[in-house]
Amino acid sequence: MKNFKLLMLIAVVTVFSACSSVRVSSDYDQNANFNEYKSFAFFKPGIDKAEISDLDKKRILRAIEDNMLAKGFVKSDNPTMLVSIFTTAQQRVDVYNNFGWGWGAWGPYGAGFGNTVSRSTEGTLYIDLIDASKKELVWQGQGTGYLAKSVDKKQERINEIVGEIMQEYPPKQMASN
């Protein structure tokens, strides 16, 4: 019984830690000179195509702006870089088979089986950085993770996802220049 409780605790911790992680990757144009990009603006036509609520768009753009400013960029009406986003989402349904001991209204009923169904939404956010003069994509960051359902937690989760993605910029190769 002690081993069973320990196993259940490990399973619960694993599930919750998996939900909080963000998987990130990035790609970039190796011919781009990232030292030339000093200012940014949001690319409204691209952002308008993102199929998420306007509230979530605002949350994402706020997080991106905070990250860009922290990296030394200046928001400008005449930017060197344009920022666009797009998203994808998929529902995930997990069914857990449970085995346990119980106590009923009439006394112990022994071992029992049951299923627990868990639904979650896993989303992917793409952040595109576009050379404003050439209108060419020069960097793309991607982050995939579980989305917060609670309004109170949404901005926090979006900040985490955007922050993880933006750690990839500038490209590692370019960061040392």
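Above this text sits the structure in question.
Residues numbered from 1 in each chain as written. Predicted model: local features only at pLDDT ≥ 70, side-chain atom pairs only at ≥ 80, totals over all residues. Heavy atoms only, no water.

K.L.:
What's the story with the packing of aromatic side chains in this structure? I'm lost.
P.N.:
A ring pair, where both rings are aromatic, is described by two values, the distance of the centres and the angle of the planes. Following the criterion strictly, the structure yields eight aromatic pairs and no others. Between Phe34 and Tyr169, the aromatic rings sit 5.7 Å apart at their centres with planes inclined by 75 degrees, giving edge-to-face as the arrangement. Of this pair, Phe34 sits in the loop between strand 1 (22-28) and strand 2 (39-42) while Tyr169 sits in the loop between helix 4 (151-166) and helix 5 (172-175), placing them 135 residues apart in sequence. Like Tyr169, Phe34 is buried. Ring centres 6.4 Å apart and planes at 80 degrees place the aromatic pair Phe40 and Phe73 in the edge-to-face group. Taken together, the residues Phe40 in strand 2 and Phe73 in the loop between helix 3 (54-70) and strand 3 (74-75) connect sequence positions 33 residues apart. Judged by its relative accessible area of 0%, Phe40 is buried. (Phe/Tyr/Trp six-rings, centres within 6.5 Å; stacked < 30°, edge-to-face > 60°. Helix = DSSP H or I, 4+ residues; strand = E, 2+ residues; numbered from the N terminus. Buried < 20%, exposed > 50% of the residue type's maximum accessible area, 1.4 Å probe, protein only.)

K.L.:
Please explain the side chain of Thr124 as it appears in this structure.
P.N.:
By the element assignment, Thr124 lies in strand 5 (residues 107-131). Among the polar contacts made by the side chain of Thr124, one reaches the side chain of Thr144 at a distance of 2.9 Å. The contact partners of Thr124, leaving out residues within four places of it in the chain, are Phe86, Thr87, Thr88, Gln90, Gln142, Gly143 and Thr144. (Polar contact = N/O pair within 3.5 Å; in protein donor to acceptor, adjacent residues only side chain to side chain. Contact = heavy atoms within 4.5 Å.)

By themselves, these figures tell us nothing about what the structure is for.
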